[in-house]
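Chain and residue survey
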Amino acid sequence: MTPGLAQETVDVDVAVVGAGAMGATVALHLARGGMRTALVDRGEICREASGVNAGTLTLHMTRAALIPYAMKGRELWLTTERWLGMDVVARSAPGLSLAFTPAERDMLEKRAEARTAMGAPIRILTPAEACRIEPGLNASLLAAAFCELDGHVTAYLTGRAYRQALRAAGVAIIERMAVEQIDRLGQGYRVRGARQVVRARRVVLAGGVWLETMLAWLGLRVPVKCLINQLVVTERMRPVMRSVVGIASGLLSLKQFENGTVLIGGGWQGLGDPVRGGVQAVPENLIGNIQLARHAIPALGETRVVRIWLGLESETADAMPMIGALPGLDEAYVIGCVHSGYTSAPYMGRLLADRILGREPEMPLFDPTRLVQAAPNAVEEMT
Ligand SMILES: Cc1cc2nc3c(=O)[nH]c(=O)nc-3n(C[C@H](O)[C@H](O)[C@H](O)COP(=O)(O)OP(=O)(O)OC[C@H]3O[C@@H](n4cnc5c(N)ncnc54)[C@H](O)[C@@H]3O)c2cc1C
């Protein structure tokens with residue numbers, strides 16, 4: 001706390017900590033459901049993973065068990081004007097996942113089968129069929145998986161869209177204030193930052209890769225892995241592709257926007273530290289990613305890279321989401337660590353809000369209890 005400055009106290013029904021797409025969606029639906037809601041972020045709304053991601057709405061790359069959630073999330077992104085009041089330039093586009101080797105073809109077929117069983121309309125195409133859909137493909141491919149329900153969103157518009165919807169719903173938005181601690185307070189919680197204290201009956205933790213720290217405030221030990229994804233964008237070029245292109249291994253995601261730029265991603269890793277802050281690109285990984293992109297769509301050899309950036313993505317020990325009530329705590333919840341989490345966020349957030357509002361969520365949540373480890377002092381007591 002800054003010396004000499006009194007902390008203002010805000011009293012609400014629920015405090016949501018972390019204003020990425022997950023936290024912002026939960027806050028929006030809680031407020032619309034009648035709860036006095038505060039949304040706190042140490043930065044601004046959707047400026048971390050939720051504002052810097054590749055914006056691919058993908059069923060190919062979503063874990064099979066999460067397909068039904070991703071399909072609902074994709075629909076919500078394509079209709080943001082209806083529920084967020086603003087278009088985020090979301091576009092439906094066919095998705096192609098490519099195989100250039102027999103091993104990749106096997107992987108492609110297995111992945112397609114698992115996803116089809118969960119409701120994704122994915123089918124395997126011959127090279128000729130794939131090239132008819134996407135003439136710019138490298139014709140040396142062996143097979144492609146096709147899904148007509150892919151697409152993309154302009155991720156940097158996410159924050160603007162949520163901000164106006166949150167304001168209209170009456171959410172108390174507290175930005176540029178890092179929460180430093182959360183204490184139990186009688187029948188509720190006290191969320192403390194440098195400028196303000198939020199007193200709330202309920203608390204929702206939605207801190208992305210920072211969830212491990214946040215959960216520790218409430219005495220829970222849950223390891224959260226941090227992926228440091230690099231992204232590349234090219235200069236504007238003539239239209240060279242109209243679908244979202246990936247590769248069976250998952251190491252490529254490629255799309256061309258209406259302005260002609262091409263976004264290249266696929267989870268190639270950089271360096272960074274979520275706790276101390278700061279990220280650093282790994283040039284050889286950027287080059288590997290770009291080479292793979294040029295292999296898939298040879299015309300990309302005509303263009304140049306204009307910008308690269310990095311973002312932090314969270315993952316649990318079993319790579320499945322944690323969404324639900326926290327064990328041993330009254331009215332404390334968590335949401336995050338969702339694979340392809342941007343695609344599913346508008347739906348996942350609504351499910352958790354339903355649970356908090358006492359409604360039956362349409363699809364099951366992902367109980368965080370399975371991930372909680374014994375606290376270090378508890379382990380010491382046992383040995
Ligand atoms: C580079 C990259 C590319 C990706 N591409 C895709 C893709 O194409 N398709 C897809 O579906 N998914 C993609 N993802 C994954 C997706 O972006 C994430 O799963 C999703 O955005 C996570 O949302 P979140 O709200 O959980 O986390 P975040 O958006 O990270 O939000 C967490 C928030 O918590 C706040 N916070 C942290 N500590 C504190 C504190 N002490 N006090 C207050 N606030 C705090 C942060 O400031 C942040 O705003 C990508 C991720 C990255 C990084």
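Residues numbered from 1 in each chain as written. Predicted model: local features only at pLDDT ≥ 70, side-chain atom pairs only at ≥ 80, totals over all residues.

1. Details of the overall build of the chain
Formally: Numbering of helices and strands runs from the N terminus, with a helix taken as a DSSP run of H or I at least four residues long and a strand as a DSSP run of E at least two residues long. The reference for a compact globule is 2.2 Å times residues^0.38; the radius of gyration itself is calculated from the C-alpha atoms. Labels follow a simple rule on C-beta atoms placed from the backbone: if 20 or more others lie within 10 Å of a residue's own, it is buried; if 12 or fewer, it is exposed; otherwise it is partly exposed. This entry defines residue contacts through backbone-placed C-beta atoms, with two residues in contact when those atoms are within 7 Å.
Of the regular secondary structure elements, the chain holds 11 helices and 19 strands. In terms of overall dimensions, the chain is globule-like: its C-alpha atoms have a radius of gyration of 21 Å, near the 21 Å expected for 383 residues. With the C-alpha coordinates aligned to their principal axes, the bounding extent of the chain is approximately 65 × 45 × 40 Å. Counting all 383 residues of the chain, 46% fall into the buried class. At a minimum sequence separation of 6, the contacts of the chain that also span at least 24 residues come to 72%.

2. Comments concerning the pairing of strand β14 (residues 262-265)
The test is simple: We call two strands paired when DSSP finds no fewer than two bridges between them.
Burial along β14 is two-sided: V262 and I264 facing one way and L263 and G265 facing the other are all buried. Bridge count between strand β13 (residues 253-256) and β14: 4 bridges; the pairing is antiparallel. In the strand pairing of β14, K255 is matched with L263.

3. Looking at the nonpolar core
To keep it simple, the criterion reads: In this description, a nonpolar core means buried residues of the types Ala, Val, Leu, Ile, Met, Phe, Trp, Tyr and Cys, linked to one another by C-beta atoms lying within 7 Å.
Within the largest apolar cluster, 109 residues are counted, with the highest numbers of intra-cluster contacts made by A15 and V17. Look past the residues within four positions of V17 in its chain and what remains in contact with it is V40, V179, V191, V203, V204, L205, A206, G207 and M214.

4. Side note on the confidence of the model for the chain
Under the convention used in this document: The predictor attaches a confidence to each residue, called pLDDT, with possible values from 0 through 100.
For the chain, the average pLDDT comes to 95, and 96% of its residues sit at 70 or higher. When the criterion is pLDDT under 50, residues 377-383 qualifies, and its contacts beyond four places in sequence or with other chains add up to 1 contact.

5. Some words on the site of the ligand
Selection criterion: In this entry, near means the residue's backbone-placed C-beta atom lies within 6 Å of the molecule or strand. We call Asp, Glu, Lys and Arg charged. Ala, Val, Leu, Ile, Met, Phe, Trp, Tyr, Cys and Pro are nonpolar, and the rest, Gly among them, are polar. The split into domains, and so the bounds of each, comes from an automatic or database assignment of domains.
Around the ligand, the structure places 41 residues, and the nearest of them are G18, G20, G208, G311 and G341. Where the shell around the ligand is concerned, the elements lending two or more residues are α1 (21-32), α2 (49-52), β11 (225-234), β17 (305-315) and α10 (341-356). When residues of the shell around the ligand are assigned to their parent elements, the largest contribution, 4 residues, is made by α10. By residue class, the composition of the shell around the ligand is 17 nonpolar, 19 polar and 5 charged. The residues that make up the shell around the ligand include at least three from each of domain 1 (8-50 + 157-223 + 318-382) and domain 2 (93-149 + 225-315).

6. Notes on the domain arrangement of the chain
Domain boundaries assigned for the chain yield domain 1 (8-50 + 157-223 + 318-382) and domain 2 (93-149 + 225-315). Using only C-alpha atoms to locate each centre, domain 1 and domain 2 end up separated by 31 Å. Classifying every residue of the side of domain 1 that touches domain 2 by side-chain character gives 7 nonpolar, 2 polar and 1 charged.

7. With respect to unusual backbone geometry
Notably, C46 is not glycine yet its phi reads approximately 55°, a positive angle. For S340, which is not glycine, the phi torsion reads 50° and is therefore positive. Structurally, S340 is set in the loop between β19 (332-336) and α10.

8. A few points about α1
Our working rule: Each helix should span, by expectation, one fewer than its residue count multiplied by 1.5 Å.
With 12 residues, α1 extends 16 Å from end C-alpha to end C-alpha; this agrees with the ideal 16 Å at 1.5 Å per step. Of all 12 residues in α1, 11 are buried; the element is thus mostly enclosed. Those residues of α1 that sit buried are A21, M22, G23, A24, T25, V26, A27, L28, H29, L30 and A31. Two residues or fewer past α1, G34 is found with a positive phi of approximately 105°.

9. Considering the environment of R63
By the secondary structure assignment, R63 is in the loop between β3 (56-57) and α3 (67-78). Put simply, R63 and G266 are 203 residues apart on the chain and 15 Å apart in space, counted from C-alpha to C-alpha. Once you skip the residues sitting within four places of it in the chain, R63 turns out to touch A319 and H339.

10. A word on the packing of α1 against α10
Quick reminder of the rule: To get an axis, a line is fitted to the C-alpha atoms, and for a helix only the part in contact is used. The angle between two axes follows their N-to-C directions and goes from 0 to 180 degrees. Small angles under 35 degrees read as roughly parallel and large ones over 145 as roughly antiparallel, with 65 to 115 read as roughly perpendicular and the rest as oblique. Here a crossing is called left-handed whenever its near helix is offset anticlockwise from the far helix by less than a right angle, and right-handed whenever the offset is clockwise.
In contact at an axis separation of 8 Å, α1 and α10 are set at 40° when each is read in the N-to-C sense. It follows that α1 is oblique to α10 by the angle criterion. Crossing of α1 over α10 shows right-handed handedness. Residues A21, M22, T25, V26, H29 and L30 of α1 lie in contact with α10, whose contacting residues are Y342, A345, P346, M348, G349, R350, L352, A353 and I356.

11. Overview of the environment of R115
Inspection of the secondary structure puts R115 in helix α5 (residues 102-117). For R115, a count of 25 C-beta atoms within 10 Å puts it in the buried group. Put simply, R115 and Q7 are 108 residues apart on the chain and 51 Å apart in space, counted from C-alpha to C-alpha. When near neighbours in sequence (up to four residues on either side) are disregarded, R115 contacts L59, A64, I67, A120 and I122.

12. Remarks on α5
Since the α-helix advances by 3.6 residues per turn, residues separated by three or four positions end up pointing in the same direction. Stated precisely, the cut-off is as follows: The directions considered for the arc run from the helix axis to the C-beta atoms.
If you check α5, its first and last C-alpha atoms are 23 Å apart, about what 16 residues at 1.5 Å a residue would give, namely 22 Å. Every buried residue belonging to α5 is among L108, R111, A112 and R115, and all of these are buried. Buried residues of α5, seen end-on, are gathered within an arc of 100° and therefore sit on one face of the element. In α5, the exposed positions angled more than 90 degrees off the buried face are occupied by P102, A103, K110 and A117. Summarising the contacts, the buried residues of α5 are in contact with α3, β4 (91-99), β5 (122-125) and β6 (143-152).

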